[in-house]
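Single-letter residue listing:
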Amino acid sequence: MTNTALLRKKIDESGYKLRFIAKQIGITYQGFLKKINNETEFKAKEIMILCDLLKIDIQEKELIFFYR
């Protein structure tokens, strides 16, 4: 389960638009929204690209993408 609040915070801090981020990770805007809202899961490659794009470190990665 994704920590939506923390991911949204990182997106807001980046200044990138959701559509731009979706394009960078190779999915549609609607698909990205579903992943952010925990309707579907992020794939490992998508997480890797997001971490690079949004400057998410290893500790934040654990908190965002492996949230329980």
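As a starting point, this report considers the structure included with it. (Residues numbered from 1 in each chain as written. Predicted model: local features only at pLDDT ≥ 70, side-chain atom pairs only at ≥ 80, totals over all residues. Heavy atoms only, no water.)

1. Brief notes about unusual backbone geometry
What counts is decided by this rule: Here a helix means four or more residues in a row that DSSP labels H or I, a strand means two or more in a row labelled E, and each is numbered from the N terminus. Under the scheme applied here, a residue whose accessible area is under 20% of the maximum for its type counts as buried, over 50% as exposed, and between as partly exposed, the area being computed with a 1.4 Å probe on protein chains only.
One non-glycine residue, asparagine 38, adopts positive backbone phi at about 60°. With respect to the helices, strands and loops of the structure, asparagine 38 is situated in the loop between helix H3 (29–36) and helix H4 (44–53). Residue asparagine 38 is classed as partly exposed on the basis of its relative accessible area, which comes to 30%. Here lysine 55, not a glycine, exhibits a phi torsion of approximately 55°, which is positive. Among the secondary structure elements, lysine 55 is positioned in the loop between H4 and helix H5 (58–65). Judged by relative accessible area, which is 66%, lysine 55 ranks as exposed.

By themselves, these observations are geometric and do not establish any function.
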